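The primary structure of each chain is shown beneath.
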Amino acid sequence: QVQLVESGGGLVQPGGSLRLSCAASGIIASNYAMEWYRQAPGKQREWVTIITTDGSTNYAASVKGRFTISRDNAKNTVYLQMNSLKPEDTAVYYCMARLGPHDYWGQGTQVTVSS
């Protein structure tokens, strides 16, 4: 059974930082492209970033230069380092593992940026 478990969300002030983790089980995460998405209240889910199997990364324009995705293959875990957080980053953040037509989603972790 495949599971992706996100953690690390919480409440942070504008300008602050958080690091999200996505721990995978039931798959070898290094064989998958790993992505982060987010969904703010009343809005559609939006793509945030991807790390491919060869380590290449890409980011949405809204987070480029502030967020960094990385993976630790030994821990079967993907991370999202979020710096210079803004109120508009408030959302539920989801990780997703993709291999061809197969994709698996975590349950999400809430990030709230507010003073």
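Because the structure is predicted, anything quoted here is derived from the model rather than measured. (Residues numbered from 1 in each chain as written. Predicted model: local features only at pLDDT ≥ 70, side-chain atom pairs only at ≥ 80, totals over all residues. Heavy atoms only, no water.)

Engineer: Sorry, what's going on with the side chain of Ser21 here?
Structural biologist: Relative to the helices and strands, Ser21 is located in strand S3 (residues 18-25). Taking relative accessible area as the criterion, Ser21 reaches 17% and is therefore assigned buried. Leave out the neighbours within four places in its chain, and Ser21 touches Val5, Glu6, Ser7, Trp36, Thr77, Val78 and Tyr79. (Helix = DSSP H or I, 4+ residues; strand = E, 2+ residues; numbered from the N terminus. Buried < 20%, exposed > 50% of the residue type's maximum accessible area, 1.4 Å probe, protein only. Contact = heavy atoms within 4.5 Å.)

Engineer: Hey, could you run me through the nonpolar core in this one?
Structural biologist: Soluble globular proteins tend to pack their nonpolar side chains together in the buried interior. If you look at the biggest cluster of nonpolar residues, it comprises 29 residues, and the most contacted ones within it are Leu4, Met34, Trp36, Phe67, Leu80, Met82 and Tyr93. Those elements that provide at least two residues to this core are S3, strand S4 (33-39), strand S5 (46-51), strand S7 (67-72), strand S8 (77-82), strand S9 (91-99) and strand S11 (109-113). With residues up to four places along the chain from it excluded, the contact list for Leu4 reads Cys22, Ala23, Ala24, Ile27, Met34, Cys95, Met96, Ala97, Tyr104, Trp105, Gly106 and Gln107. (Core = buried A, V, L, I, M, F, W, Y, C linked by side-chain atoms within 4.5 Å.)

Engineer: Would you explain the sheet that holds S8 in this entry?
Structural biologist: Backbone-to-backbone hydrogen bonds join strands into a sheet, with any given pair of strands oriented parallel or antiparallel. Spatially, four strands are ordered S1-S3-S8-S7 in an open sheet, and the strand pairing comes out antiparallel. With one partner strand each, in any of the chains shown, strand S1 (3-7) and S7 form the two edges of the open sheet. Each adjacent strand pair in this sheet contributes to an overall mean axis angle of 15 degrees, direction not counted. Strand direction decides the pairing type here: S3 and S8, joined by six bridges, are antiparallel. Bridged to Arg19 within S8 is Gln81. (Pairing = 2+ DSSP bridges. Axes fitted to C-alpha atoms, helices over the stretch in contact; angles between N-to-C directions.)

Engineer: Would you mind going over the environment of Val12 with me for this structure?
Structural biologist: Structurally, Val12 is set in strand S2 (residues 10-12). Distance in space between the C-alpha atoms of Val12 and Ser114 is 6.3 Å, their sequence separation being 102 residues. Residue contacts for Val12: discarding those within four places in its chain leaves Ser17, Leu18, Leu85, Thr112, Val113 and Ser114.

Engineer: Just to check I follow, could you spell out the packing of aromatic side chains for this structure?
Structural biologist: The geometry of two aromatic rings is summed up by the distance between their centres and the angle between their planes. For the structure on display, the rule yields two aromatic pairs. Here Tyr37 and Trp105 contribute two aromatic rings whose centre-to-centre distance is 4.9 Å and whose plane-to-plane angle is 55 degrees, an arrangement assigned as tilted. Note that Tyr37 is positioned in strand S4 and Trp105 in strand S10 (residues 102-105), a separation of 68 residues in sequence. A relative accessible area of 34% means that Trp105 is categorised as partly exposed. We note Arg45 situated over the ring of Tyr94; from NZ or CZ to the ring centre the distance is 3.9 Å. The aromatic ring of Trp105 is capped on one face by Arg45, whose charged end is 4.8 Å from the ring centroid. (Phe/Tyr/Trp six-rings, centres within 6.5 Å; stacked < 30°, edge-to-face > 60°. Lys NZ or Arg CZ within 6 Å of the ring centre and 35° of its normal.)

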